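# Working through the structure, step by step
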Amino acid sequence: MKIIFLSILLLTTLFAQSVKVCFYTIENNIKNFKSLKFKFDKYLSKYGDYEFQAFSDKSTFEKYINNNNVILILSSTHYKNIIKTKKFKAKFIALKNNKIKDIEVIIGKKNRELDGVITSAHSEKYTKNLLKGIDKKLSILVVPKEIDALMSVGFGMSDFAVVSKGSFINIQEINGFLTKDLRIYNELNSTYRIVIALAIQDFKNKNISNIFEDMQNSENGQYILYTLGIDRFIQLKVEDLRYLGGIK
Amino acid sequence: MRFILIFILFIVYVQAKTILVINSNSEISKYKETELAFRNSFKGEFSFLDISKMSKDEIKKYLYDEYPNIVYTIGTRAYKYVYKYIPEKKVFFSSIVNWKRLPKKKHFSGVLVELHSGMQLTMINSLCLNIKTFGIVYSHYSKDVVSAFINSAKNMNFNIVGQEIKSIKDINIDKLLNKSDSLILIADPIVISDKNTLKNIFKTAKKLKKPIFAYDKIFLKYGAMLSISVDNPTIGRQIATMIKSYLDKKYQKNIQYPVGSHVVFNKKVAEELKIELSNNKINIIDEFSE
């Protein structure tokens with residue numbers, strides 16, 4: 001009897017499908033997915049059979065999450081769109097500088113016409129969306145990081161930058177000389193930061209909560225948070241979840 | 001009527017700018033990355049040529065036969081041939097170390113491979129606390145680089161302590177590091193010419209617990225704490241934007257510093273040297289060295 005039980009257990013273990021932590025967002029311009037996957041898998045291994053999977057294509061991501069045992073990391077805007085057709089509920093949201101929302105701003109040197117080259121650390125598609133209704137004369141130049149975008153304006157390599165307001169405030173502290181001639185031209189829409197959505201049956205899973213709420217307490221977790229450009233994940237409040245469409 | 005139509009088509013044909021992209025060698029990864037990013041970013045049509053396996057005469061013939069309006073050269077070899085055979089054309093260049101030493105024309109445009117000194121100091125300042133004095137060893141080849149660092153440092157209340165050398169025998173790294181909190185390693189052809197001298201620089205810096213900031217991640221294996229280098233794909237996108245601005249007749253700086261950086265950090269070295277790191281709220285690190 002014991003042998004049969006052990007065999008079943010062994011077979012179950014062998015054929016059990018790991019839970020995939022699926023990541024897709026066009027907000028972050030992450031180049032080093034290999035390193036992120038390595039750190040994520042290492043971090044997740046402490047919690048059981050989980051595996052990180054990054055997607056660079058939206059439709060592949062959306063198809064994949066239909067038929068699999070998954071946890072989603074995605075932009076709040078994307079979540080708001082897919083929640084209409086898919087059964088996931090956002091549970092965690094990214095926190096940075098004690099805020100779960102951010103405002104994107106257009107930065108430029110004083111007294112300039114909104115024209116020329118605008119640098120952005122977001123993808124071109126996302127930047128175009130952000131700039132909708134602003135001006136068509138701007139050419140988007142995608143750069144690796146927000147600090148690159150800001151410095152390119154400060155040192156005269158581009159005319160404008162679209163960055164988070166928080167990053168602009170931070171660089172003012174780091175290099176006051178560079179930013180003394182810069183000003184905010186436009187404040188764009190305030191948006192929620194990235195969210196983690198779970199299948200309904202996983203919503204109260206304590207192990208999953210530990211994965212995302214304890215990230216800042218381990219070195220690998222800190223690396224992941226740093227790469228995502230956030231401080232930590234916290235639980236979403238009911239009113240925020242309702243706004244995002246997670247509660248009908 | 002037909003004649004007018006043909007005439008209009010002829011004028012359009014004559015005015016359409018032909019663009020040629022020449023890669024010195026597409027198998028070199030940094031050139032390939034730049035080329036791919038350009039291809040993905042540039043919206044217009046262009047011809048492409050890899051000259052790595054072509055003879056001088058073949059390149060000459062191709063350039064004279066094609067005779068494009070605009071040329072984008074990736075790497076030094078491509079630049080030199082274009083300069084030699086069709087210098088009258090509008091040239092955009094990238095991926096050339098020490099471009100300033102090459103022959104050039106006023107109408108040439110391009111992106112340098114050296115990051116703006118102020119950009120590098122800002123990155124370091126956003127990561128490290130209490131590092132205010134930077135030592136730099138340099139020869140006459142890099143005088144302008146050091147001058148740029150001195151100017152940028154002044155604006156940030158930092159100090160640059162320079163040590164000018166004529167040969168590698170003149171390097172006195174102990175003396176320099178005793179007067180500074182850290183060392184910035186620049187791509188000076190004399191300073192980096194000897195492997196043993198480089199090893200000695202890193203060994204002394206480690207002994208004196210002073211961090212080294214390098215321009216290439218290859219120096220992390222010697223013991224550099226941070227490397228700040230140019231991001232090659234961004235260069236390709238930057239050139240695409242420059243060509244677009246040129247075609248749209250918009251003002252742009254002819255010679256530009258790169259806008260994208262690639263920063264690799266060796267945390268282990270920082271811990272060994274007990275460097276106080278800031279709780280930086282803005283991401284500057286792209287990669288952690290293992």
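Once a new chain begins, its residue numbering starts again from 1 and follows that chain's sequence as written. To label them, take the chains in the order written and letter them from A, then take the ligands in the order written and number them from 1. Side-chain atom pairs in this predicted model are given and counted only at pLDDT of 80 or more, local residue features only at pLDDT of at least 70, and totals for whole chains, interfaces and linings cover all residues. Side-chain measures were taken over the full set of non-hydrogen atoms in the model, leaving aside hydrogen atoms and water.

## Quick word on the pairing of strand β10 (residues 195-199) of chain A
In regular strands, side chains alternate between the two faces of the sheet. Residues and elements named next belong to chain A. Exposed residues in this analysis have more than 50% of their type's maximum accessible area, buried residues have under 20%, and partly exposed residues fall in between, with area computed by a 1.4 Å probe over protein chains only. Per the convention used, a helix needs a DSSP run of H or I reaching at least four residues, while a strand needs a run of E reaching at least two, with both numbered from the N terminus. In terms of burial, β10 is a largely internal element, five of the five residues being buried. Two strands are said to pair when DSSP picks up at least two bridges between them. Two strands pair when backbone bridges link them, and strand β3 (residues 70-74) and β10 are joined in this way by four bridges, in the antiparallel orientation. Residue pairing in the sheet places leucine 74 in a bridge with valine 195 of β10. With five bridges joining them, strand β4 (residues 88-95) and β10 adopt antiparallel strand pairing. In the strand pairing of β10, phenylalanine 88 is matched with alanine 199.

## Points about the packing of helix α2 (residues 29-41) of chain B against helix α9 (residues 232-247) of chain B
All names here are of chain B. Helix axes are fitted only over the stretch in contact, all axes being lines through C-alpha atoms; the angle between N-to-C directions runs from 0 to 180 degrees. At their nearest, the axes of α2 and α9 sit 7 Å apart, and the two run at 40° to each other. Our classification of the angle between α2 and α9 gives oblique. Seen from above, α2 lies across α9 with right-handed handedness. Judged by residue contacts, Lys30, Glu33, Thr34, Ala37, Phe38 and Ser41 of α2 engage Asn232, Pro233, Ile235, Gly236, Arg237, Ile239, Ala240 and Ile243 from α9. Classes in brief: Ala, Val, Leu, Ile, Met, Phe, Trp, Tyr, Cys and Pro nonpolar; Asp, Glu, Lys and Arg charged; the others, Gly included, polar. Partitioned by chemical class, the residues of the contact of α2 with α9 number seven nonpolar, four polar and three charged. To sort the angles, those under 35 degrees are grouped as roughly parallel, those over 145 as roughly antiparallel, those from 65 to 115 as roughly perpendicular, and the leftovers as oblique. Working rule for handedness: look at the near helix, and if it is turned counterclockwise from the far one by less than a right angle, call the crossing left-handed; if clockwise, right-handed. What makes two residues a contact is simply this: any of their non-hydrogen atoms within 4.5 Å.

## What to know about the environment of aspartate 286 of chain B
Position of aspartate 286 of chain B among the secondary structure elements: in the loop between α10 (267-272) and β13 (287-288). Residues aspartate 286 of chain B and isoleucine 228 of chain B, spaced 58 residues apart in sequence, show a C-alpha to C-alpha distance of 9.9 Å. Within the structure, the side chain of aspartate 286 of chain B is placed 2.7 Å from the side chain of lysine 145 of chain A, a separation counted as a polar contact. Any N or O atom pair separated by 3.5 Å or less is treated as a polar contact, with the protein-specific requirement of one donor-capable and one acceptor-capable atom, and with residues adjacent in sequence counted only for side-chain atom pairs. In this structure the side chain of aspartate 286 of chain B is engaged in a polar contact, spanning 2.7 Å, whose partner is the backbone nitrogen of valine 263 of chain B.

## Considering the pattern of salt bridges
We define a salt bridge as a side-chain nitrogen of Lys or Arg found within 4 Å of a carboxyl oxygen belonging to Asp or Glu. Applying the stated rule across the entire model yields 22 salt bridges over all chains. Across the pair glutamate 35 of chain B and lysine 32 of chain B runs a salt bridge whose closest N-O atoms are separated by 3.8 Å. Here the residue glutamate 35 of chain B and the residue lysine 32 of chain B both occupy positions in helix α2, the gap between them amounting to three residues, near one helical turn. Taking relative accessible area as the criterion, glutamate 35 of chain B reaches 2% and is therefore assigned buried. Relative accessible area serves as the criterion here: at 32%, lysine 32 of chain B is assigned to the partly exposed category. Residue lysine 244 of chain B pairs with aspartate 248 of chain B through a salt bridge whose shortest N-O separation is 3.0 Å. Using a relative accessible area of 37% as the deciding quantity, one classes lysine 244 of chain B as partly exposed. Overall, aspartate 248 of chain B belongs to the partly exposed group, its relative accessible area being 39%. Salt bridges sharing partners connect three or more residues here, namely Lys20, Lys37, Asp41 and Glu51 of chain A.

## Describing the interface of chain A and chain B
Interface size is commonly expressed as the accessible area that is lost once the parts come together. The interface is formed by 36 residues belonging to chain A together with 38 residues belonging to chain B. Both faces considered, chain A and chain B share a buried interface measuring about 3,100 Å² in area, 58% of it formed by carbon and sulfur atoms. In terms of surface lost to chain B, no three residues of chain A exceed Met157, Ile174 and Tyr226 of chain A, which account for 22% of the buried area on that side. Lysine 250 of chain B is the partner of aspartate 115 of chain A in a salt bridge, and the nearest nitrogen-oxygen pair spans 3.1 Å. The interface formed by chain A and chain B contains 10 residue pairs in polar contact (both at pLDDT 80 or more). Defined in terms of a 1.4 Å probe, buried area is the accessible area two parts forfeit on being brought together, summed over both.

## A look at the confidence of the model for chain A
The quantity known as pLDDT measures the predictor's confidence residue by residue, on a range of 0 to 100. Residues of chain A with pLDDT of at least 70 account for 90%, and the chain-wide mean is 87. Per-residue pLDDT stays below 50 along residues 9-14 of chain A; that stretch engages in zero contacts with residues further than four places along the chain or on separate chains.

## Re empty space enclosed by the protein
Once rolled over the atoms, a probe with the size of a water molecule shows which space is left empty. Residue and element names in this part refer to chain B. Here the term cavity refers to a set of points on a 1 Å grid, laid over the protein atoms alone, in which a 1.4 Å probe fits but cannot get out; the term pocket refers to an open set having protein on both sides within 12 Å along at least five of seven lines, with lining residues being those that place an atom within 4 Å of a point. Grid points are joined across faces, edges and corners, and a volume is the space filled by probe spheres set on the points. Evaluation of the coordinates by the stated rule reveals one cavity of 30 Å³ or more. What lines the largest cavity is simply Val137, Leu183, Ile184, Leu185, Ile186, Val191 and Ile201. Its residues assigned to classes, the lining of the largest cavity comprises seven nonpolar, no polar and no charged.

## What to know about the pairing of strand β8 (residues 160-164) of chain A
Residues and elements named next belong to chain A. Counting buried positions along β8 yields five of five residues, so the element is predominantly enclosed. One ladder, built from five bridges, connects strand β5 (residues 101-109) with β8; its direction is antiparallel. Looking across to β8, one finds that isoleucine 106 is bridged to valine 162. With three bridges joining them, strand β6 (residues 116-120) and β8 adopt parallel strand pairing.

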